[in-house]
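# Summary of structural features
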Amino acid sequence: MRSDALGNTLLPKRIALPVFASDALSSVAYAPDEILLTLSFAGLGVTALSPAVGLAVVVLLVVVVASYRQTVKAYPSGGGDYEVATKNLGGTAGLVVASALLVDYVLTVAVSISSGAQYLSATFPVLAGSEALIGSLIIAVLALLNLRGMRESGKAFAIPTYLYLVAIGAMICTGIFQWATGSIGHAPTAMYEIAPKAQYSAGLVGIGGALTGVEAIANGVPAFKKPKSKNAATTLALLGTISAAMLMSILLLAGKTGVRSVENPATDLLVNGKPVGTGISVDPV
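Just so it is clear, the structure is predicted and the values come from calculations on it, not from any experiment.

## A word on the overall build of the protein
Helix and strand content of the protein: 11 helices and three strands. In sequence order, the protein lays out its α and β elements as α-α-α-α-α-α-α-α-β-α-α-α-β-β. A burial count over the protein gives 38% of its 285 residues as buried. In the protein, of all internal contacts separated by at least 6 residues, the share reaching a separation of at least 24 is 74%.

Listed below in structure tokens is the structure:
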């Protein structure tokens, strides 16, 4: 494009949010399930700690967002962690950070796409066994959209991202209303106990939480409309607020509805102390 037309490719905050924050926002779709699944290794009683674990993740998210808000103001050229490391610690440190970010982005795509493919096959059983093909096709579509350019891909990503946010928001509002009015229901798995894994029968030694994609905004500051740093910092604040609210709300509602998330429902879910077995239909989520 002509240099005088490049300003037309810059992103307003409403488009930058779904472009740069979709990785972190999408992690809310599977993070609560992973927290409950990990806690289930130590048995049903430990799953009650899920809000506390979620709160720890939120605290970590606040620290990360606050750090990147400083980064986008101090390093507005868009180098992100790579630029910070290179200017302060030298080129070797910068290359290490760049390599780590490359691995991080690849893993983010792998985790997000594989989770989405699994949820699709769970929703539509006819797709079972085709998760790898579905994931590959989705990645190909995303690559083609990105090759169209930042602003063009942003418009394409904005619609599904905002639909996702509206769907999660509607679910949370409905659940909170039912909770407040005493009409909230129970999950299909609420009637079951959880068999602890042998190595965790005495409790979990530690629990870890992971955040994905938060640094993408710091890497994309030049793509924002002016004032670039201010708009990037605002988008980071929106990302942190939305992600934290969704994560905590889903975990609280999961506890109120009695959701049991286990690795193998047939052996890990118990009725009167005995595994449900393969003859009973159980929703693992």
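Having seen it, we continue.
## Overview of the packing of aromatic side chains
Counted by the stated rule, this structure contains one aromatic pair. Ring geometry for Phe-20 versus Phe-224: centroids 5.5 Å apart, planes at 20 degrees, classification stacked. Residue Phe-20 is found in helix 1 (residues 13-20), and its partner Phe-224 is found in the loop between helix 9 (216-219) and helix 10 (228-257); the two are separated by 204 residues along the sequence. Considered together, Phe-20 and Phe-224 belong to a single accessibility category, that of buried residues.

## Re the pattern of salt bridges
If you walk through the whole model with that rule in mind, you get one salt bridge. Between Lys-87 and Glu-83 there is a salt bridge; the shortest N-O distance is 3.0 Å. Note that Lys-87 and Glu-83 are positioned in helix 5 (residues 80-89) at a spacing of four residues, about one turn of the helix. Residue Glu-83 is classed as buried on the basis of its relative accessible area of 10%.

## With respect to the sheet that holds strand 1 (residues 193-194)
In space, the three strands of this open sheet follow the order 1-2-3, with antiparallel pairing throughout. The open sheet is flanked by strand 1 and strand 3 (274-275), the only strands paired with a single partner. One ladder, built from two bridges, connects strand 2 (residues 269-271) with strand 3; its direction is antiparallel. Across the sheet, the residue bridging to Val-271 is Lys-274, located in strand 3.

## Some words on the confidence of the model for the protein
Per-residue confidence for the protein averages 83 on the pLDDT scale, and 88% of its residues sit at or above 70. Taking the mean pLDDT of every element in the protein, the minimum, 78, falls on strand 3 and the maximum, 91, on helix 10.

## Focus: a nonpolar patch on the surface
A grouping of Leu-55, Val-59 and Val-63 is seen on the molecular surface, where their side chains present a nonpolar patch of about 260 Å² in accessible area. On the secondary structure map, Val-59 appears in helix 4 (residues 50-74). In this structure Val-59 comes out as partly exposed when scored by relative accessible area, which is 48%.

## Quick word on the nonpolar core
Membership of the largest hydrophobic core comes to 42 residues, with the highest contact counts inside it found for Phe-20, Val-214, Leu-236 and Leu-239. Secondary structure elements with two or more residues in this core: helix 1, helix 2 (22-26), helix 3 (31-40), helix 4, helix 8 (150-181), helix 9 and helix 10. Top contributing element to this core by residue count: helix 10, with 10 residues. If we ignore the near neighbours within four places in the chain, the residues touching Leu-239 are Leu-17, Ala-21, Ala-24, Leu-25, Val-214 and Ile-217. By size, the runner-up hydrophobic cluster in this structure holds five residues, among which are Tyr-192, Ile-194, Val-262 and Val-276.

## A closer look at the packing of helix 3 against helix 10
Interhelical geometry of helix 3 versus helix 10 gives an angle of 45 degrees and a closest axis separation of 9 Å. Classed by the angle they form, the pair helix 3 and helix 10 counts as oblique. Crossing angle aside, the handedness with which helix 3 passes helix 10 is right-handed. Packed against helix 3, whose contacting residues are Ala-31, Pro-32, Ile-35 and Leu-36, the element helix 10 presents Leu-247, Ile-250, Leu-251 and Ala-254 at the interface.

## Let's talk about unusual backbone geometry
Residue Pro-227 is bonded to the preceding Lys-226 through a cis peptide linkage, with omega at -5 degrees. For Pro-227, the location among the structural elements is in the loop between helix 9 and helix 10.

## Comments concerning helix 10
The terminal C-alpha atoms of helix 10, which comprises 30 residues, lie 43 Å apart, in line with the 44 Å expected from a rise of 1.5 Å per residue. Just downstream of helix 10 lies Gly-258, where phi reads positive at about 75 degrees.

## Remarks on the environment of Ser-67
Mapped onto the elements, Ser-67 comes out in helix 4. Classification of Ser-67 as partly exposed rests on a relative accessible area of 37%. In this structure the C-alpha to C-alpha distance between Ser-67 and Glu-215, which are 148 residues apart in sequence, comes to 9.9 Å. Here the side chain of Ser-67 touches Val-63 through a polar contact of 2.9 Å, landing on its backbone oxygen.

## Details of the side chain of Ser-115
Within the element layout of this structure, Ser-115 appears in helix 6 (residues 91-123). Here the side chain of Ser-115 touches Val-111 through a polar contact of 2.9 Å, landing on its backbone oxygen.

Calculation rules
Residues numbered from 1 in each chain as written. Predicted model: local features only at pLDDT ≥ 70, side-chain atom pairs only at ≥ 80, totals over all residues. Heavy atoms only, no water. Helix = DSSP H or I, 4+ residues; strand = E, 2+ residues; numbered from the N terminus. Buried < 20%, exposed > 50% of the residue type's maximum accessible area, 1.4 Å probe, protein only. Contact = heavy atoms within 4.5 Å. Phe/Tyr/Trp six-rings, centres within 6.5 Å; stacked < 30°, edge-to-face > 60°. Salt bridge = Lys/Arg side-chain N within 4 Å of Asp/Glu carboxyl O. Pairing = 2+ DSSP bridges. pLDDT = per-residue confidence, 0-100. Patch = residues over 30% accessible without salt bridge, like charges linked within 9 Å, V, L, I, M, F, W, Y side chains within 5 Å. Areas by Shrake-Rupley, 256 points an atom, 1.4 Å probe, with all protein chains shown as cover. Core = buried A, V, L, I, M, F, W, Y, C linked by side-chain atoms within 4.5 Å. Axes fitted to C-alpha atoms, helices over the stretch in contact; angles between N-to-C directions. Parallel < 35°, antiparallel > 145°, perpendicular 65-115°, else oblique. Left-handed = near helix turned anticlockwise from the far one by under 90°. Expected span 1.5 Å × (residues − 1). Polar contact = N/O pair within 3.5 Å; in protein donor to acceptor, adjacent residues only side chain to side chain.

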